[in-house]
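# Architecture and fold: a report
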Amino acid sequence: MRTILYDVHCSLGGTMVDFGGYDMPLWYPSGAVKEHLAVLGGAGLFDTSHMAVLLVEGAGVRKFLNYAVTKEISDLKVGRAGYGLILDERGFAVDDTIVYPLGEERFGLVVNAGMSGKVIEHLKKVPGGSGFTYVDLADKIAKLDLQGPKSYEIMRGLVAGPEKVFEKLPYFTFKGDFDLAKSAVKLTDGTPILLSRTGYTGELGFEIFLPLDKARELWLKIVDAGARFGLIPCGLAARDSLRAGAVLPLSHQDIGHWHFVNTPWPWALPLSPEGKFTKDFHGRAELEKVKDSADHTLPFVGFDPRKVDEKEAKVMLADQPVGTILTVVADMAIGRIDGKVVGLASPDKPEGWTPKGLVCGFVKVSKNLAPGTPIALKDSRRQLKAEIVSDIRPGRTARRPLK
Amino acid sequence: MKELSELNLPSNVKYHEEHEWVSQSAPFRLGISDFAQDALGALTFVELPEVGAKLVRGEEFGTLESTKSVSPLISPVNGTVKAVNEAIADNPDLVNSDPYGEGWIIEIEMAASELEAMLDVAAYKKLLEESAH
């Protein structure tokens, strides 16, 4: 399949690959390293129209979704977004999602490429899920992700009435409606959008949902308006290295057909400070059963940019294999100074310092390892030193106030 | 990706099926072709062999890495590593920006006859055309 921007990617010289059934740009001629750095230093623009938007409507839908999605959404107000998991009865991930309450009986769910059909089929079978209206907006809505510290300055000039739109728009809030005809948020040319202060890079930015037939025009406008801020179009490779450094999971790679428990994303689960579940949700009983025996997913950082082949590599703890690798990428915006991980956005980075990049990602291991635990990543070619960490790329801007 | 017609394929080097080039006369330098650097994407790391290391035709002698992948460097010849390009260890981007010049990878001590098994530019272009179909 192709997104509405396929021709734009080809004309820019994008290297196209299959992702979730869509032909998507892996990188453009500027290359994945420059694209990664552009998002950290200025801004980058991603076509994310391959992702799917679902509308779920009906009386009692909030209560149902609060059972079908792990995130506590019983009190999630219209205008706030919540990240959660859609689990099956075994506690395995069907997909991850951002939940957008649009009204008391109307919710939007954004899920991954090619997942809308599977998610709808799953939700209808979850107890209590059969009586709602499910609408797949894949053929009506395009999405562009504008990400990077300069995103706000770029987006301000493209939105009608920016003072009002950007007022009180912190991380994980949105304005507008997926029923775009009803949306009060508009571009300067009158195009209705849903503007979400979210993204997949760890940096300040927006996900912009808009009518399919307006996507090309907005893409060109953002590229034009962003040029003086160093904005360049970015592909999937930069998206992957940015999200890994931001400790965000890739669905079907870092979360998938295994128990969603003991992960670096505990905020996706309804947990009390004591680690107890605070609501009932689909898959909860199984997660409670396996919590003490299930594998642990943990972030790691290495000491140089070298990688191993994640398909065959083992995670070694004192020469004993303890697990496998889920994600391994090089984040080229970080390096080590006196052993400490420093990033291009770190306030304490030395003047004129250029990072050499570090390997990072996620491992899935049989025991909980504390941050700082030394591990090795071993494939048939090499054995790399790395350590378990609690965070990867320092100085991320996603939560920075808009000003 | 670049179209075949956009690739820079100089005729003064010999090519290998694994997308490396070697200069036609001493000093014998080795690098990767424009096709290879374009397909691999922006390089993040080059693992170079030690000076003095033996090279065996068809065997791995180093790696090229992008943010996501690790690709082996396969020797097209038998010989010995005479020198390595330290500049690309510090700046792997040179392999992308100037694959036949500043982005050379190693210099090899070898017999000129080692080149006989390699491809000239016409044969290499043909190989690329065939693999594109």
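Residues numbered from 1 in each chain as written. Chains lettered and ligands numbered in written order. Predicted model: local features only at pLDDT ≥ 70, side-chain atom pairs only at ≥ 80, totals over all residues. Heavy atoms only, no water.

Residue and element names in this part refer to chain B. Considering the arrangement of structural elements, one finds Ser71 in strand S7 (residues 70-74). On the basis of relative accessible area, Ser71 is assigned to the buried category, the value being 16%. If we skip the residues at most four places from it in the chain, Ser71 touches Leu40, Gly62, Thr63 and Leu64. (Helix = DSSP H or I, 4+ residues; strand = E, 2+ residues; numbered from the N terminus. Buried < 20%, exposed > 50% of the residue type's maximum accessible area, 1.4 Å probe, protein only. Contact = heavy atoms within 4.5 Å.)

What follows is about the pattern of salt bridges. Counted under the stated rule, the structure contains 36 salt bridges over all chains. Measuring nitrogen to oxygen at the nearest pair gives 3.1 Å for the salt bridge that ties Arg239 of chain A to Asp145 of chain A. Note that Arg239 of chain A is positioned in helix H8 (residues 236-245) and Asp145 of chain A in strand S9 (residues 141-147), a separation of 94 residues in sequence. The class of Arg239 of chain A is buried, set by a relative accessible area of 8%. Lys364 of chain A is the salt-bridge partner of Asp295 of chain A, the closest N and O atoms lying 3.3 Å from each other. Taken together, the residues span a long stretch of sequence, with Asp295 of chain A in the loop between helix H9 (284-290) and strand S14 (296-302) and Lys364 of chain A in strand S19 (residues 358-365) at a distance of 69 residues. Classification of Asp295 of chain A as partly exposed rests on a relative accessible area of 32%. Here the salt bridges share partners, and the residues they tie into one network are Asp304, Arg306, Lys307 and Arg382 of chain A together with Glu47 and Glu65 of chain B. (Salt bridge = Lys/Arg side-chain N within 4 Å of Asp/Glu carboxyl O.)

All names here are of chain B. The strand order across the open sheet built from six strands is S1-S2-S3-S9-S8-S5, with neighbouring strands paired in antiparallel fashion. Of all strands in the sheet, those with a lone pairing partner are strand S1 (13-15) and strand S5 (54-55), marking the two edges. Here four bridges tie strand S8 (residues 79-84) to strand S9 (residues 106-109), and the two strands are oriented antiparallel to one another. Bridging from a neighbouring strand, Ala83 pairs with Glu107 of S9. (Pairing = 2+ DSSP bridges.)

Let us now look at H8 of chain A. For H8 of chain A, the buried fraction is high: 10 of the 10 residues fall into the buried class. Every buried residue of H8 of chain A is accounted for by Leu236, Ala237, Ala238, Arg239, Asp240, Ser241, Leu242, Arg243, Ala244 and Gly245 of chain A.

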